[in-house]
Amino acid sequence: MRHEFLSFETRQDASRYATEFIARALEKALEDEPVASLMVSGGSTPGGVFDNLTEVDLAWERVIVGLVDERWVGPESDASNERLVRERLLTGKSGAAGFLPMKTEAQTAGQAVQKRQQAYLPHCSPVDVILLGMGEDGHTASWFPNSSGLEAAMSCETDQAVAVIDATGCPVAGDNTDRMTLTGAAVGKAKAAVLLIFGESKKRVFETSLEASPQDRPIRHAVDTLGPRMTVIWAP
Ligand SMILES: O=C1O[C@H](COP(=O)(O)O)[C@@H](O)[C@H](O)[C@H]1O
């Protein structure tokens, strides 16, 4: 069975649905576990969901928020996914959640990856709910098409939760080429996943990715590994 694809008239409606989906998944997880994990993407898409989540009543003090991926820039940078999460999600009611950054003081993602494994692994076995995004090139997380490190990063066989990507030469990555990302194992075993995408052009990229190779359109790998546990939420 494959993912469900849900279309909404507005981005607000789509974000509202994604918020309810995530809140329900966390509530369910908290019924069975002392601590639930929520892994979130950065970029330009999930801000509305974060704003909504700050108003949701939940035992947030029992939730750990982590990142799906990070650009190796300081949290003061506009490009930092950590900054977005701190400003838009770790405030209001959801401000009580714990947070697992990816970025450390290390110069490169490669120098930090072993330490971040230790931090991420306990919360990725499995992740309770994950919020994915997708770029115009079909990347998800920091799985950039044909990037260096992609095969290891997308592996479902690995016992690692995080991996390093060098996205040099990938136009959508821009200057932010040194990346840390969840692995295929961490993403693919998630109990539930939302892929939130906006715009006609991303809808076309998503549809054509289903016929492409995972190396060329890495979102395909997330679709294949998550199957019916992935819900795609789209608005124009
Ligand atoms: O670089 C990234 O891009 C994707 C997509 O971002 P968007 O701005 O097109 O929504 C994002 O999901 C990922 O977390 C981010 O690091």
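Residues numbered from 1 in each chain as written. Predicted model: local features only at pLDDT ≥ 70, side-chain atom pairs only at ≥ 80, totals over all residues. Heavy atoms only, no water.

Identification of the protein chain as 6-phosphogluconolactonase from Hyphomonas pacifica is taken from an unreviewed UniProt entry. The heading Sequence similarities (unreviewed entry) in the UniProt record of the protein chain holds the text "Belongs to the glucosamine/galactosamine-6-phosphate isomerase family. 6-phosphogluconolactonase subfamily." Here is the UniProt Catalytic activity (unreviewed entry) comment for the protein chain, exactly as written: "6-phospho-D-glucono-1,5-lactone + H2O = 6-phospho-D-gluconate + H(+)". (UniProt positions renumbered as here; feature names shortened; annotations may be inferred.)

(A) Quick peek at the overall build of the protein chain. From N to C terminus, the protein chain includes eight helices and 10 strands. In summary, the protein chain has a C-alpha radius of gyration of 16 Å against a globular reference of 18 Å for 236 residues, a match within 12%. By principal-axis analysis of the C-alpha atoms, the protein chain measures approximately 45 × 40 × 35 Å. Considering the protein chain as a whole, with its 236 residues, one finds that 58% of them fall into the buried category. Considering only intrachain contacts with a sequence separation of at least 6, the fraction spanning at least 24 residues in the protein chain is 76%. Surface summary for the protein chain: the accessible area is close to 10,100 Å², and the carbon and sulfur share equals 47%. Placing the 23 positive and 33 negative side-chain charges of the protein chain at their respective mean positions leaves the two points 1 Å apart. (Helix = DSSP H or I, 4+ residues; strand = E, 2+ residues; numbered from the N terminus. Rg over C-alpha atoms; globule rule 2.2 N^0.38 Å. Buried < 20%, exposed > 50% of the residue type's maximum accessible area, 1.4 Å probe, protein only. Contact = heavy atoms within 4.5 Å. Areas by Shrake-Rupley, 256 points an atom, 1.4 Å probe, with all protein chains shown as cover. Lys, Arg positive; Asp, Glu negative; His and termini not counted. Charge placed at Lys NZ, Arg CZ, Asp CG, Glu CD.)

(B) Region of the structure containing the side chain of Thr183. By the secondary structure assignment, Thr183 is in the loop between β8 (178-182) and α6 (184-188). In contact with Thr183, other than residues within four places in its own chain, are Trp143, Ala153, Ser155, Thr158, Gln160, Ala161, Val162 and Ala163.

(C) The sheet that holds β8, seen in detail. In spatial order, the strands read β4-β8-β7; together these three strands make up an open sheet with antiparallel pairing. What marks the edges here is a single partner per strand, and that holds for β4 (69-71) and β7 (162-166). Going across the sheet, the axis of each strand differs from the next one's by a mean of 20 degrees, ignoring polarity. Examined bridge by bridge, β7 and β8 share five bridges and lie antiparallel to one another. Note that in β8 the partner of Val162 across the bridge is Leu182. Strands β7 and β8 of the sheet are contacted by helix α4 (residues 109-120), whose axis makes an angle of about 155 degrees with β7. (Pairing = 2+ DSSP bridges. Axes fitted to C-alpha atoms, helices over the stretch in contact; angles between N-to-C directions.)

(D) Main features of the sheet that holds strand β10 (residues 230-235). Ordered by their spatial adjacency, seven strands build an open sheet running β1-β10-β9-β6-β2-β3-β5, and the pairing between neighbours is parallel. Among the strands making up the open sheet, the edge pair consists of β1 (4-7) and β5 (98-100). Going from strand to strand, the sheet's axes swing by 20 degrees on average, the running direction of each strand aside. Relative to strand β3 (residues 63-67), strand β2 (residues 36-40) is paired through five bridges, and the arrangement is parallel. Bridging from a neighbouring strand, Met39 pairs with Gly66 of β3. Contacts from α4 reach β2, β3 and β5 within the one sheet, and its direction differs from that of β5 by about 150 degrees. Across the face of the sheet, helix α7 (residues 200-209) comes into contact with β1, β9 (193-198) and β10 while running at roughly 130 degrees to β9.

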